[in-house]
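Inside the fold
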Amino acid sequence: MKDKRSFRDLFEEARQHEDYWTEGLSLELAEELSRLMKKKNISRSALAERIGRSPSYIAQVLRGDANLTAAILVKLARALDSEVRIRLA
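Residues numbered from 1 in each chain as written. Predicted model: local features only at pLDDT ≥ 70, side-chain atom pairs only at ≥ 80, totals over all residues. Heavy atoms only, no water.

1. Some details on helix α3 (residues 44-51)
All of the buried residues in α3 are L47, A48 and I51. The buried residues of α3 occupy an angular sector of 100° when the element is viewed end-on, so they sit on one face. Count one or two residues on from α3 and you reach G52, which has phi positive near 75°. (Buried < 20%, exposed > 50% of the residue type's maximum accessible area, 1.4 Å probe, protein only. Helix = DSSP H or I, 4+ residues; strand = E, 2+ residues; numbered from the N terminus. Arc of directions from axis to C-beta.)

2. Description of the environment of Q60
Mapping Q60 onto the fold places it in helix α4 (residues 55-63). On the basis of relative accessible area, Q60 is assigned to the partly exposed category, the value being 32%. For the pair Q60 and A30, spaced 30 residues apart in the sequence, the C-alpha separation amounts to 9.6 Å. Among residues more than four places away in sequence, those in contact with Q60 are D65 and A66. (Contact = heavy atoms within 4.5 Å.)

3. Observations regarding the packing of aromatic side chains
Applying the stated criterion to the full structure yields one aromatic pair. Directly above the aromatic system of Y57 lies the positively charged group of R53, at a separation of 4.4 Å from the ring centroid. (Phe/Tyr/Trp six-rings, centres within 6.5 Å; stacked < 30°, edge-to-face > 60°. Lys NZ or Arg CZ within 6 Å of the ring centre and 35° of its normal.)

4. With respect to the layout of surface pockets
Once rolled over the atoms, a probe with the size of a water molecule shows which space is left empty. Estimates place the volume of the largest pocket at around 990 Å³. If you trace the largest pocket, you find 29 residues lining it, with L25, E28, L29, R85 and I86 closest to the centre. For the lining of the largest pocket, the elements supplying multiple residues, two or more each, are α2 (18-39) and α5 (70-79). Per-element accounting of the lining of the largest pocket gives the leading share, 11 residues, to α2. Of the residues assigned to the lining of the largest pocket, the class counts are 16 nonpolar, six polar and seven charged. (1 Å grid on protein atoms, 1.4 Å probe; cavity = no way out; pocket = protein on both sides within 12 Å on 5 of 7 lines; lining within 4 Å. Points joined across faces, edges and corners; volume = space filled by probe spheres on them. Nonpolar A, V, L, I, M, F, W, Y, C, P; charged D, E, K, R; others polar.)

In structure tokens, the structure reads:
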């Protein structure tokens, strides 16, 4: 017999895993970077050049596939005339 768990149950189960929260943070960062890039009219190539990385690295960041350090976050923010702020809630 198949497991008859509801979507709500599955969602709550997923929320118990660190991967759920890690992916959410990656998505939030990618959305914020994309928003700033669009607002400031900065292409992936231009952002990559500003931080000394390749455009494919920026694509990885925007997909959530890059393992980011605090130093890279600061470089990305500064390249977009912004700053990194962290809030734990």
